[in-house]
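# Structure assessment
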Amino acid sequence: MNVLVLNASYEPMQRVDLRHAIRMLVREVAVVEEAEEGRTFGSFPVPRVLRLVRYVAMRWRHGRRPPWSKRGVYLRDGGRCLYCGKRGNTIDHVHPQSRGGADTWENTVLACGRCNNRKGDRTLAEAGLRLPSPPRVPRWEELVGT
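Residues numbered from 1 in each chain as written. Predicted model: local features only at pLDDT ≥ 70, side-chain atom pairs only at ≥ 80, totals over all residues. Heavy atoms only, no water.

A few words on the overall build of the protein chain. For the protein chain, the count of helices and strands is 5 helices and 6 strands. Sequence-ordered secondary structure for the protein chain, helices as α and strands as β, is β-β-α-β-β-α-β-β-α-α-α. For 146 residues, the compact-globule formula gives about 15 Å, and the C-alpha radius of gyration of the protein chain, at 19 Å, lies well above that figure. Residue burial in the protein chain is summarised as follows: out of 146 residues, 39% are buried. (Helix = DSSP H or I, 4+ residues; strand = E, 2+ residues; numbered from the N terminus. Rg over C-alpha atoms; globule rule 2.2 N^0.38 Å. Buried < 20%, exposed > 50% of the residue type's maximum accessible area, 1.4 Å probe, protein only.)

Below is the structure:
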């Protein structure tokens, strides 16, 4: 179970596991904003959302693009294959790696196994596939998974 952590200004920061969330409550660095009804962990309600007591400056986020990751591509594309719309489970390189394509936001999309195999080691035009929109760099908020 993941718990969403909000900054003191209510902007989403990250997700942490339940154990980490309880440690934050014990250290009194966060308070429960939303809890699971009727469930407790010791004297604490089981949190869904925590808010930090003190504001944490997130300058590192502003002006910098998020680093590329497979999980980030999954979150950006909403868990769906960008070719057919079914559940995606693989990362496809729009410009194949064998032809110099890199692991970047603009060159990777989520694909189902069938579409990824269909495209193979070819470009979109060669495979007869089209994307509804070009891949893009996601916003930080999309990667928190709110």
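Structure's up, so let's keep going.
Attention now moves to the UniProt feature "domain: HNH nuclease" (unreviewed entry) in the protein chain. UniProt records the feature "domain: HNH nuclease" (unreviewed entry) at residues 68-117, using the numbering of this structure. End C-alpha atoms of residues 68-117 are separated by 23 Å, and the span's content is 24% helix alongside 16% strand. (UniProt positions renumbered as here; feature names shortened; annotations may be inferred.)

For the rest of this paragraph, the subject is the domain arrangement of the protein chain. Taken domain by domain, the protein chain comprises domain 1 (2-56) and domain 2 (70-142). With centres defined by C-alpha atoms, the gap from domain 1 to domain 2 works out at 34 Å. (Domains from an automatic or database assignment.)

All right, on to the pairing of strand β6 (residues 108-111) then. The side-chain alternation of β6 yields two buried faces, one formed by Thr108 and Leu110 and the other by Val109 and Ala111. Pairing of strand β5 (residues 90-93) with β6, which is carried by 4 bridges, proceeds in the antiparallel orientation. Residue pairing across strands places His93 opposite Thr108, the latter belonging to β6. (Pairing = 2+ DSSP bridges.)

Take the environment of Arg51 next. Position of Arg51 relative to the elements: it lies in strand β4 (residues 44-52). Sequence spacing of Arg51 and Met13 is 38 residues, and the spatial spacing of their C-alpha atoms is 9.6 Å. Apart from the residues within four sequence positions on either side, Arg51 is in contact with Leu6, Asn7, Ala8, Tyr10, Val29, Ala30, Val31 and Glu33. Side chain to side chain, Arg51 and Tyr10 meet in a polar contact 3.3 Å long. (Contact = heavy atoms within 4.5 Å. Polar contact = N/O pair within 3.5 Å; in protein donor to acceptor, adjacent residues only side chain to side chain.)

With respect to the helices and strands, Arg48 occurs in strand β4. With 14 residues separating them along the chain, Arg48 and Glu34 place their C-alpha atoms 5.5 Å apart. With sequence-adjacent residues up to four places away left out, Arg48 is seen in contact with Met1, Asn2, Val3, Leu4, Glu34, Ala35 and Glu36.

The subject of this paragraph is unusual backbone geometry. Trans peptide bonds make up most of the peptide bonds, and negative phi angles are found at most residues other than glycine. At Tyr10, a residue that is not glycine, the phi angle is positive and equals roughly 70°. By secondary structure assignment, the location of Tyr10 is in the loop between β1 (2-6) and β2 (12-17). Of note, the phi angle at Glu28 is positive, near 60°, even though the residue is not glycine. With respect to the element layout, Glu28 can be found in the loop between α1 (18-26) and β3 (30-41).

What follows is about the sheet that holds β3. Through backbone hydrogen bonds, the strands of a sheet pair up, either in parallel or in antiparallel fashion. Pairing within the open sheet is mixed, and its 4 strands lie in the order β2-β1-β4-β3. Looking at which strands have only one partner, the edges of the open sheet turn out to be β2 and β3. Going across the sheet, the axis of each strand differs from the next one's by a mean of 30°, ignoring polarity. In terms of strand pairing, β1 meets β2 through 5 bridges, oriented antiparallel. Across the sheet, the residue bridging to Leu4 is Arg15, located in β2. Most of the contacts of α1 go to β4, to which it runs at about 75°, and overall it touches β1, β2, β3 and β4. (Axes fitted to C-alpha atoms, helices over the stretch in contact; angles between N-to-C directions.)

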